[in-house]
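Reading the structure
One-letter residues, chain by chain:
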Amino acid sequence: MSEVNQELQNEVAGLIVSALNLDTRPDEISPDAPLYGEGLGLDSIDILEVALVVSKRYGFQLRADNADNVRIFSSLANLTRHIAANRSK
């Protein structure tokens, strides 16, 4: 992973921890572990909160009706790649 994407991934992990008040450090989130259910253990409400924070921070909409949401939110690495490809800020 490039240095820029690693920085973005660290930033996104920090946003997730902050937005959800998780009892974990951003660097403890495995990039390839599932965000939803097993892994980080987020539920659908948590994913909505993360989508809202990401939308505000990076200037693009993550829509609930997007067929790619399962892939986008499958891991920190996939979420970071999606942000890198779509962000306007």
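Residues numbered from 1 in each chain as written. Predicted model: local features only at pLDDT ≥ 70, side-chain atom pairs only at ≥ 80, totals over all residues. Heavy atoms only, no water.

This paragraph deals with the overall build of the protein chain. Helix and strand counts for the protein chain come out as four helices and zero strands. Along the protein chain, from the amino end to the carboxyl end, the secondary structure elements read α-α-α-α. For 89 residues, the compact-globule formula gives about 12 Å, and the C-alpha radius of gyration of the protein chain, at 12 Å, lands near that figure. Counting only C-alpha atoms, the protein chain reaches 30 × 30 × 20 Å along its principal axes. Going through the 89 residues of the protein chain one by one, you find that 35% of them count as buried. In the protein chain, once contacts between residues fewer than 6 apart in sequence are set aside, the share between residues at least 24 apart is 58%. (Helix = DSSP H or I, 4+ residues; strand = E, 2+ residues; numbered from the N terminus. Rg over C-alpha atoms; globule rule 2.2 N^0.38 Å. Buried < 20%, exposed > 50% of the residue type's maximum accessible area, 1.4 Å probe, protein only. Contact = heavy atoms within 4.5 Å.)

A few words on the side chain of Thr 80. Residue placement: Thr 80 occurs in helix 4 (residues 76-86). Overall, Thr 80 belongs to the buried group, its relative accessible area being 2%. Among the polar contacts made by the side chain of Thr 80, one reaches the main-chain carbonyl oxygen of Leu 76 at a distance of 2.8 Å. Sequence-distant contacts of Thr 80, that is, excluding residues within four places in its chain, are made with Asn 5, Leu 8, Gln 9 and Val 12. (Polar contact = N/O pair within 3.5 Å; in protein donor to acceptor, adjacent residues only side chain to side chain.)

Our next topic: the confidence of the model for the protein chain. Here the protein chain shows a mean pLDDT of 92. Residues at 70 or above account for 96%. Put simply, helix 1 (residues 3-20) is where the protein chain has its lowest mean pLDDT, 92, and helix 4 is where it has its highest, 96. (pLDDT = per-residue confidence, 0-100.)

Let us look at unusual backbone geometry. Note on backbone geometry: most residues besides glycine have negative phi, and most peptide bonds are trans. If you check the backbone angles, Asn 21 has positive phi at about 50° while not being a glycine. Tracing the chain through its elements places Asn 21 in the loop between helix 1 and helix 2 (44-58). For Asn 21, a relative accessible area of 65% translates into the label exposed.

We now examine the nonpolar core. In this structure, Val 12, Ile 16, Val 50, Tyr 58, Phe 73, Leu 79 and Ile 83 are the most contacted members of the largest nonpolar core, which totals 22 residues. Top element by residues in this core is helix 1. It accounts for seven residues. (Core = buried A, V, L, I, M, F, W, Y, C linked by side-chain atoms within 4.5 Å.)

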